[in-house]
Amino acid sequence: MSADVRDILDIERANTPEITRDSFLATKKRNFERTKHASRRPEGMHREVFALLYTDKKDAPPLLPTDTALGIGAGYKQNKARLGMKKVRKWEWAPFSNPARNDAAVFHHWKRVSDDSTDYPFAKFNKQLEIPSYTMTEYNAHLRNNIQNWSKVQTDHLFDLARRFDLRFIVMADRWNRQQHGVKTVEELKERYYEVIALLAKAKNQSSEKKTYVYDAEHERRRKEQLEKLFKRTTQQVEEEQMLINEMKKIEARKKERERKTQDLQKLISQADQQNEHAANTPSTRKYEKKLHKKKVHHQPRPSKVDSVVNAIEIGSSGIKFADLRGSGVSLRSQKMKLPANIGQRKVKALEQAIQEFKVDPAPPPTEDICTSFNELRSDMVLLCELRTALSTCIYEMESLKHQYEAACPGKTLNIPPSLVPIKSETLDPSAN
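Here the structure is a predicted model, which means the values were calculated and not measured.

The rules behind the values
Residues numbered from 1 in each chain as written. Predicted model: local features only at pLDDT ≥ 70, side-chain atom pairs only at ≥ 80, totals over all residues. Heavy atoms only, no water. Helix = DSSP H or I, 4+ residues; strand = E, 2+ residues; numbered from the N terminus. Buried < 20%, exposed > 50% of the residue type's maximum accessible area, 1.4 Å probe, protein only. Contact = heavy atoms within 4.5 Å. Areas by Shrake-Rupley, 256 points an atom, 1.4 Å probe, with all protein chains shown as cover. Patch = residues over 30% accessible without salt bridge, like charges linked within 9 Å, V, L, I, M, F, W, Y side chains within 5 Å. Salt bridge = Lys/Arg side-chain N within 4 Å of Asp/Glu carboxyl O. Polar contact = N/O pair within 3.5 Å; in protein donor to acceptor, adjacent residues only side chain to side chain. Phe/Tyr/Trp six-rings, centres within 6.5 Å; stacked < 30°, edge-to-face > 60°.

Topic: the overall build of the protein chain
- Of regular secondary structure, the protein chain possesses 14 helices and two strands.
- Burial statistics for the protein chain: of 433 residues in total, 15% are counted as buried.
- When contacts within the protein chain are restricted to residue pairs at least 6 apart in sequence, those whose partners lie at least 24 apart make up 49%.
- Total accessible area on the protein chain stands at roughly 37500 Å², and carbon and sulfur atoms take up 54% of it.

Structural notes on a nonpolar patch on the surface
- A contiguous nonpolar surface patch, about 400 Å² in accessible area, is contributed by V5, I8, L9 and I11.
- In this fold, I11 is placed in the loop between α1 (2–8) and α2 (21–37).

Things to note about the pattern of salt bridges
- Inspection of the entire model under this criterion finds 15 salt bridges.
- The shortest N-O distance in the salt bridge between D166 and R168 comes to 3.9 Å.
- In this structure, the salt-bridge partner of E257 is R260, at a minimum N-O distance of 2.3 Å. Note that E257 and R260 are positioned in helix α10 (residues 235–280) at a spacing of three residues, about one turn of the helix.
- For E257, a relative accessible area of 32% translates into the label partly exposed.
- The class of R260 is partly exposed, set by a relative accessible area of 42%.
- Each of E191, E218 and R221 takes part in a single network of salt bridges with overlapping partners.

A word on unusual backbone geometry
- In this structure, L167 is a non-glycine residue whose phi angle is positive, near 60°.
- Locating L167 in the fold gives a position in the loop between α5 (152–165) and α6 (169–174).
- Residue classification places L167 among the partly exposed residues on the basis of a relative accessible area of 22%.
- In this model, K359 sits at a positive phi of 55°, which is unusual for a non-glycine residue.

Observations concerning the side chain of H157
- With respect to the helices and strands, H157 occurs in helix α5.
- At 3.4 Å, the side chain of H157 forms a polar contact with the backbone nitrogen of N177.
- Every residue in contact with H157, bar those within four places of it in the chain, is listed here: R175, W176, N177 and H181.

Topic: the packing of aromatic side chains
- Scanning the model with the defined rule gives 14 aromatic pairs in all.
- Relative to Y193, the ring of F169 has its centre 5.9 Å away and its plane inclined at 65°; by these criteria the two rings are edge-to-face. Here F169, found in helix α6, pairs with Y193, found in helix α8 (residues 186–203); they are 24 residues apart in sequence, far enough to count as distant. Take F169 and Y193: they sit in the same class, and that class is buried.
- Given the relative accessible area of 5%, Y193 is considered buried.
- Taken together, the ring pairs connect Y134, Y139, F159, F169, Y193, Y194, Y213 and Y215 into an aromatic cluster.

Here it is as structure tokens:
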């Protein structure tokens, strides 16, 4: 490509040897010898592993890691330690005492001469539990226990062990003096200790400030017995239990399969009912039903719209039926105020308008009394909206009947008695009161 650029720019090219047949064959021969002496990668060995073993010069891999070949530095062997010219700090073998010990024991350790503090640095971790104490008067007045045969000497020994071992009851039971005080189990030691703590707190009026711990010794004994029985099970018992668990899983699987088949059967029955309803709505069937209906209704009086509205109010629900969440597990109390899903959008919008009209909080705090009262209020609001709709329908029906009578009998007017005139809807407005 450089030769082409030189030809375009009219620049003289350097004298290059002419490629002949002999020079071409000599180059091929050198390349063949180079590939012949090159080591081949064994079959099945990865390329990365082979590169770690051999290089082009067939040098052996280094025995020790080095960075001299990478040009990073002068190598590890040429690095020298850079020691400062500062003076070395002096140390001394100094005595110290641990404030957690009461035997005035003295220990020694190395410390710097410049450190002036004589306190043991790990003394801040010496924390002990506060074990309450009692007097002879308090014991006779509140702590005497004749039921479990605990004497004052035994109680004193128990609290002494509690102070020594920081309520490690396993160690306390091991160090319990059985020769003088008899045999006591861990549960008995715990029960007596927490009983004394509760009685002292009650006597000193500290039960309200600090919560007392109640220890159930009988429950702890049963728990340990069950664990011991579980640990001592034989191989046959374990296999039998596993077999029973597998049988229970099979029973649950069969139960779920029966429930699934029952649901499929119910779907088929509902689909068949829908098909029957669709067949009943065909033109021929509708004509036949209309003829029968005309024959039945021919001699019956036609019900008015007022009667239909009144019947709808009497037969229909008197408001909203909220869901009962008693048997549905854990739930929030605010779920009781949630509107049911079977309420139409018209009722929901009418309820929202009524809430705004009466200036009621749409989301009050869901306490028990507020939930009940708020649900009853919304139910009454829905009933009020339905009564308003029925009232306006009645007024419209009476006005239309009056006009029909005046059109059928010219010159005559239908006088409706005042007792039959419905109340105007404006009187239901709360602002009118």
